[in-house]
Amino acid sequence: MIGRRVQRLRTELGLTQRQLAEPAYTPAYVSTLESGKVRPSDAALRHLAERLGTTYEELATGRPARLLTELRLGLTDAQRALATGEADEAAVRFRRLLTEAELHHLDEERAEALLGLGDCALETGELADAVRHFESSERLLAAEPLPRRVRAVRGRAVAHILAGELRYACYVLESAIDELGTSGLVDPEALVLLYAAIIGPYLDMGAQARAARAAELALALAPQVSDPALVAGMHRQVARTFLAGGRLADADASLAKAQSIYRQLRLRTDLAHCHWMRGYVYAQEGRLDRAERELRTARDMLAAKRAALFTAQVEVELADVLRRLGRHEEAMALLAPLTELGDQHGAVHAGGAHRLLGLIREEQGDGEAAEEHYVTALGLLERSGASGDLADLCRLLGDLLRRTGRVEAAMDAYRTGLGHRAAPGTTTLGPAPLPPRI
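Residues numbered from 1 in each chain as written. Predicted model: local features only at pLDDT ≥ 70, side-chain atom pairs only at ≥ 80, totals over all residues. Heavy atoms only, no water.

- As recorded in an unreviewed UniProt entry, the protein chain goes by the name Transcriptional regulator, listed as coming from Streptomyces xanthochromogenes.

### What to know about the overall build of the protein chain
- Within the protein chain, the regular secondary structure consists of 23 helices and zero strands.
- Buried positions account for 51% of the 438 residues belonging to the protein chain.
- Taking all contacts inside the protein chain whose residues are at least 6 apart in sequence as the whole, residues at least 24 apart take part in 62%.
- Of the roughly 20,400 Å² that the protein chain leaves accessible, carbon and sulfur atoms contribute 51%. (Helix = DSSP H or I, 4+ residues; strand = E, 2+ residues; numbered from the N terminus. Buried < 20%, exposed > 50% of the residue type's maximum accessible area, 1.4 Å probe, protein only. Contact = heavy atoms within 4.5 Å. Areas by Shrake-Rupley, 256 points an atom, 1.4 Å probe, with all protein chains shown as cover.)

### Some points on helix 3 (residues 27–34)
- Within the span of helix 3, buried status applies to Val30, Leu33 and Glu34. Down the axis of helix 3, the buried side of the element spans an arc of 95°, and every buried residue falls inside it.
- Check the buried side of helix 3 and you find it contacts helix 1 (2–13), helix 2 (17–21) and helix 4 (42–52).
- The first or second residue beyond helix 3 is Gly36, which carries a positive phi of 85°. (Arc of directions from axis to C-beta.)

### Looking at the packing of helix 8 (residues 107–124) against helix 10 (residues 146–162)
- The interhelical angle for the contact between helix 8 and helix 10, taken along N-to-C directions, is 25°, at an axis separation of 10 Å. As the angle between them shows, helix 8 and helix 10 are arranged roughly parallel. Two packed elements cross with a definite hand, and for helix 8 against helix 10 that hand is left-handed. Along its contact with helix 8, which presents Glu108, Glu112, Leu115, Asp119 and Leu122, the element helix 10 presents Arg148, Arg151, Ala152, Gly155, Val158, Ala159 and Leu162. (Axes fitted to C-alpha atoms, helices over the stretch in contact; angles between N-to-C directions. Parallel < 35°, antiparallel > 145°, perpendicular 65-115°, else oblique. Left-handed = near helix turned anticlockwise from the far one by under 90°.)

### Here we look at helix 10
- If you check helix 10, its first and last C-alpha atoms are 23 Å apart, about what 17 residues at 1.5 Å a residue would give, namely 24 Å.
- Taking the largest bend as the criterion, helix 10 deviates by roughly 25°, centred on Ala152.
- Buried residues dominate helix 10, accounting for 15 of its 17 residues.
- Of the residues flanking the end of helix 10, it is Gly164, one or two places downstream, whose phi is positive at about 90°. (Expected span 1.5 Å × (residues − 1). Bend = angle between axes of the 7 residues up to and from the residue.)

### Digging into the nonpolar core
- In this structure, Leu122, Tyr195, Leu335 and Tyr374 are the most contacted members of the largest nonpolar core, which totals 88 residues.
- The biggest single contributor to this core is helix 12 (residues 188–204), with eleven residues.
- When neighbours within four sequence positions are excluded, Tyr374 is seen to be in contact with Arg355, Gly358, Leu359, Glu362, Leu393, Leu396, Leu397 and Leu400.
- In this structure, Leu82, Leu97, Leu106 and Cys120 belong to the second largest nonpolar core, which totals 18 residues. (Core = buried A, V, L, I, M, F, W, Y, C linked by side-chain atoms within 4.5 Å.)

### A look at the packing of aromatic side chains
- A full pass over the atoms with the stated rule returns two aromatic pairs.
- Seen from their ring centres, Tyr168 and Tyr171 are 6.2 Å apart, and the 35° between their planes marks the pair as tilted. With Tyr168 and Tyr171 both in helix 11 (residues 166–183) and three residues apart, the pair spans about one turn of that helix.
- Under the relative-accessibility criterion, Tyr168 is labelled partly exposed at 40%.
- Overall, the relative accessible area of 54% leaves Tyr171 in the exposed class. (Phe/Tyr/Trp six-rings, centres within 6.5 Å; stacked < 30°, edge-to-face > 60°.)

### What to know about the side chain of His47
- Looking at the secondary structure, you find His47 in helix 4.
- With near-sequence residues (within four places) excluded, His47 lies in contact with Leu20, Ala21, Glu22, Pro23, Ala24 and Tyr25.

### Some remarks on the packing of helix 1 against helix 4
- Look at helix 1 against helix 4: their axes get within 10 Å of each other, and the N-to-C directions meet at 25°. Judged by the angle between their axes, helix 1 and helix 4 are roughly parallel. Once helix 1 is placed against helix 4, the crossing between them reads as left-handed. Within the contact between the two elements, helix 1 uses Ile2, Val6, Leu9, Arg10 and Leu13 and helix 4 uses Leu45, Leu48, Arg51 and Leu52.
- Residue classes in the contact of helix 1 with helix 4 are distributed as seven nonpolar, no polar and two charged. (Nonpolar A, V, L, I, M, F, W, Y, C, P; charged D, E, K, R; others polar.)

### Quick notes on the pattern of salt bridges
- Scanning the entire structure with this criterion turns up 24 salt bridges.
- Glu112 is the salt-bridge partner of Arg151, the closest N and O atoms lying 3.3 Å from each other. Placement of Arg151 in helix 10 and of Glu112 in helix 8 is noted, with a sequence separation of 39 residues between them. The same class applies to Arg151 as to Glu112, namely buried.
- A salt bridge links Arg402 to Asp399, with the nearest nitrogen and oxygen atoms 3.7 Å apart. Note that Arg402 and Asp399 are positioned in helix 22 (residues 390–403) at a spacing of three residues, about one turn of the helix.
- The exposure class assigned to Arg402 is partly exposed, which follows from its relative accessible area of 45%. (Salt bridge = Lys/Arg side-chain N within 4 Å of Asp/Glu carboxyl O.)

### Topic: the environment of Leu390
- Structurally, the position occupied by Leu390 is in helix 22.
- Separated by 27 residues in sequence, Leu390 and Gly417 have C-alpha atoms that sit 6.3 Å apart.

Structure representation (structure tokens):
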């Protein structure tokens with residue numbers, strides 16, 4: 001391949017083999033090299049690259065001199081587009097970059113592009129595509145240390161969480177946390193990603209103590225993770241000036257810093273989950289004013305990133321706090337849009353919204369409307385596979401039916417709830433992962 005590249009470039013420049021070879025080499029050596037019978041030394045490659053007006057790297061690998069830098073710049077731009085909520089535009093960019101990286105066999109850049117496509121699919125709710133992209137990225141990084149693979153692991157787990165496969169998602173995340181601890185690879189960014197991601201499924205499965213501990217650890221580690229957007233923007237612009245001046249190594253260094261910071265910008269979503277968890281804990285303790293403040297902070301952070309499914313999750317919790325504060329109209333206004341979420345894109349959150357609307361209607365004395373909401377919530381949660389709240393929902397429905405004199409129907413609802421309560425994997429988890437040394 002090197003010989004073919006030398007011959008092509010020499011022919012394009014109109015050079016003879018003698019003109020290319022002299023003064024350090026002979027025409028016969030160039031002829032032998034072009035025919036593929038000899039592999040040139042580094043010194044020969046550098047001599048030939050200089051005479052052919054190209055770089056050592058391009059001649060040795062066939063990759064254009066600016067390719068790697070331009071790919072990294074493109075990945076950074078695509079990540080920025082996603083961070084500002086332009087998921088569809090970002091996906092188009094990541095696909096184009098993936099094709100370019102595949103063409104030149106650049107596995108690290110392929111893995112980055114696949115991670116970006118997975119994140120785009122999460123934002124748009126295409127969960128099967130998200131899992132596929134994250135798994136492909138993990139395979140490309142299989143030989144790398146776990147901290148390099150954590151984003152793919154976390155992304156795959158989040159896709160399973162949103163699909164209602166909570167127990168499996170906990171298994172994936174806990175296994176990664178344990179591996180980080182036992183291997184000695186204690187990486188704050190990696191741990192914050194994992195701990196923040198696991199809070200939601202813990203809560204949905206009723207493991208409140210584990211969720212609170214995960215939030216505590218994530219918040220304790222967060223100060224060690226910095227994400228200043230202005231610094232990232234500065235590095236991107238500096239990289240452009242280096243690139244224009246032909247200073248490729250300096251441009252690559254600046255881009256690496258910018259990419260690292262933009263990657264950390266994803267932590268805004270995860271840290272929002274920590275605010276959500278604190279709001280949840282305050283609500284359980286009856287400190288509703290503080291709960292409302294924490295939940296509104298989480299909601300605003302998530303809404304700013306147009307993370308629709310995550311925002312919906314927090315809005316359900318916030319509406320429950322508003323209901324308990326007696327602000328029924330505010331709660332109902334918050335919940336109404338959530339009831340439109342479909343089975344594959346937020347069924348868990350739609351079910352939670354209908355459950356709360358049922359409670360509000362029951363408190364307002366409208367038993368018929370309450371029953372309708374409970375039944376709708378039951379169907380949504382059963383189809384989603386998120387069984388953590390089903391037992392309590394069946395209890396609410398059974399109590400309502402019993403109060404209206406329908407004892408047999410109430411008993412059926414209670415039996416259904418008991419069945420979900422006893423379902424394997426809905427209430428039990430394995431040993432909790434050991435906390436890191438902070």
